[in-house]
Amino acid sequence: MAASLSSHRSAESPPVYISVLNWNKADNTIRCLESLAQLDYPNYHVLVVDNASFDDSVERIRAAFPDIEILCSSENLGYAAGNLLALERAQQAGAELFWILNNDTIVEADSLTALVEAYQHHGPGLYGSVPLDLEKGTVGMSAWAIGSGNMPMYHQEQAVRWGASFAESFPNMSERLVANVSGSSILIPLGVVAAHGFMDLSFFLYGEDVDFCFRLLKRGIPSYVVPRSVIKHTVRGSSSDNEWLLSAIYYYKVRNTLLVIRRYRGIRALVDHAARLVLHHLRRQRKMSISQRRIVLTSPNQRYVWRAILDAFIGRTGKTIAPEDFA
C-alpha cells in the first residue's frame, strides 16, 4: 500500500525544504521517508534527489510515495552538487530553511522541530542533529572545538567524539557551539547561502560538510550541535558492501580530509597528517603479511590511498574516480 508524504503548511513556522539524496538505495530512502512522514513539524516539503541510479530506485520510491517530488539527475553528481538541485528548488519556492538528510537515517518525530527551534533562538548559523549508530547506539560523528580566531582545533580537542555514548557526549541538552556539524543531518538557513554561498562542489564525496562549516566559521557564522535533534544512522548505509566501491569511497575520504587540513591548517599540517596515514597503512600491511604468511602489497583500502595523498598534495579535486564504475 502506497504511503502519503504530502507537503505540510503552517503560517507560524518557517517553511523547510528537506533534501534526501538517493543512489541505488531505494530501501534506505523509503525507510527514511517513512520516518519523515511522522514529523511533528507543521511546515515542510520533502524532495528526493536521485543521483542517476541505474536500478529501479525511482520507480520503487514513487510506488511507495506517489505524491513525493523527485528530482532526477542525468549523472552522479556526488553529495554537494546533488543536494544543490534540491536547494535551488527550495530557493525558487521561497523556503527559509533547507534540511539535508542522509537517506540512511531514521528521524525522530521532533528531530526537525528541535533544529528549527535552535535556529529561532540563535539566528543565522548551521544546525546539526546528533547521529546515533543504529546498531550500537553510540554517537556517529566527530566535531572539533573552536580555537582562537575562529579556527578549528585539529587533533587537539574534540567537542564531540565519534563512538562515545550519548550521555557522555551531552550531559545536558542545550545546543553546543562547535567547529563543524555532521552532513548526515544539517539545517541551513537559505539566507546564509544567499550571503556566503553553498558547499564546495569540487569535493564530490565527503568532506564538503566540514569544509562548509569551517569556511562559514571564519566568516563569523557558527555551527551548533543540537542534542534534542536525534537521528539514527546506519553505518555505511548510503554506500555499499562492494569492496572495490568502498575502496573508491575511501579515496575520497582520505583525499578530502587532507584537502580540508591543507586549506585551514596549511601544508605543514598536511604533511604531518599524511605521514601518520602512510605509517598506519604500512603497519597494517605488515600485520596482514605476517598473519597471512605472505607479502601483502595492498589492502582493500590501500588501492587508492597513495593516489588520494598525491592528489591532495597537488590540489586535484573533482570526480576523479567514478563510483558507478564499481557498483
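Structural data are supplied above this passage.
Everything in this summary refers to the structure shown in the same document.

About the criteria used
- Residues numbered from 1 in each chain as written.
- Predicted model: local features only at pLDDT ≥ 70, side-chain atom pairs only at ≥ 80, totals over all residues.
- Heavy atoms only, no water.
- Helix = DSSP H or I, 4+ residues; strand = E, 2+ residues; numbered from the N terminus.
- Buried < 20%, exposed > 50% of the residue type's maximum accessible area, 1.4 Å probe, protein only.
- Areas by Shrake-Rupley, 256 points an atom, 1.4 Å probe, with all protein chains shown as cover.
- Axes fitted to C-alpha atoms, helices over the stretch in contact; angles between N-to-C directions.
- Parallel < 35°, antiparallel > 145°, perpendicular 65-115°, else oblique.
- Contact = heavy atoms within 4.5 Å.
- Nonpolar A, V, L, I, M, F, W, Y, C, P; charged D, E, K, R; others polar.
- Expected span 1.5 Å × (residues − 1).
- Salt bridge = Lys/Arg side-chain N within 4 Å of Asp/Glu carboxyl O.
- Polar contact = N/O pair within 3.5 Å; in protein donor to acceptor, adjacent residues only side chain to side chain.

This part is about the overall build of the chain. Within the chain, the secondary structure is distributed over 10 helices and 11 strands. Across the 327 residues in the chain, those meeting the buried criterion constitute 54%. Total accessible area computed for the chain in this model is approximately 14500 Å², and 52% of it derives from carbon and sulfur atoms.

Turning to the packing of helix α7 (residues 208-218) against helix α8 (residues 243-265), a few remarks are in order. Look at α7 against α8: their axes get within 10 Å of each other, and the N-to-C directions meet at 10°. The angle between α7 and α8 falls in the class roughly parallel. On α8, the residues that touch Val210, Asp211, Phe214, Arg215 and Lys218 of α7 are Val260, Arg263 and Tyr264. Split by residue class, the contact of α7 with α8 holds four nonpolar, no polar and four charged.

Given a rise of 1.5 Å per residue, 23 residues ought to cover 33 Å, and the 32 Å separating the end C-alpha atoms of α8 matches this to within 8%. Taken from the residues just after α8, Gly266 is the one with a positive phi, measuring 95°.

Attention shifts here to the pattern of salt bridges. Following the criterion strictly, the structure yields 11 salt bridges and no others. Notably, a salt bridge pairs Asp211 with Arg263, separated by 2.9 Å at the nearest N-O pair. Highlighted residues: Asp211 in helix α7 and Arg263 in helix α8, separated in sequence by 52 residues. For Asp211, a relative accessible area of 0% gives the class buried. Judged by its relative accessible area of 43%, Arg263 falls in the partly exposed class. Taking the shortest distance from any N to any O, the salt bridge between Asp272 and Arg276 comes out at 2.3 Å. Here Asp272 pairs with Arg276, and both are found in helix α9 (residues 267-292), just four residues apart, close to one helical turn. Exposure remark for Arg276: the relative accessible area of 39% places this residue in the partly exposed category. A single network of salt bridges, built from pairs that share partners, joins Glu117, Glu175 and Arg228.

A separate point is the environment of Glu69. One can find Glu69 in strand β3 (residues 69-72). Between the C-alpha atom of Glu69 and that of His45, which follows or precedes it by 24 residues, the distance is 8.8 Å. If we ignore the near neighbours within four places in the chain, the residues touching Glu69 are His45, Val46, Leu47, Val48 and Arg89. A polar atom in the side chain of Glu69 sits 2.7 Å from the side chain of Arg89.

For the rest of this paragraph, the subject is helix α4 (residues 111-122). Taking 1.5 Å per residue as the helical rise, α4 with its 12 residues ought to reach 16 Å, and the 17 Å between its terminal C-alpha atoms agrees with that figure. All of the buried residues along α4 are Ser111, Leu112, Thr113, Ala114, Leu115, Val116, Ala118 and Tyr119. Just past α4, the residue Gly123 takes up positive phi, approximately 90°.

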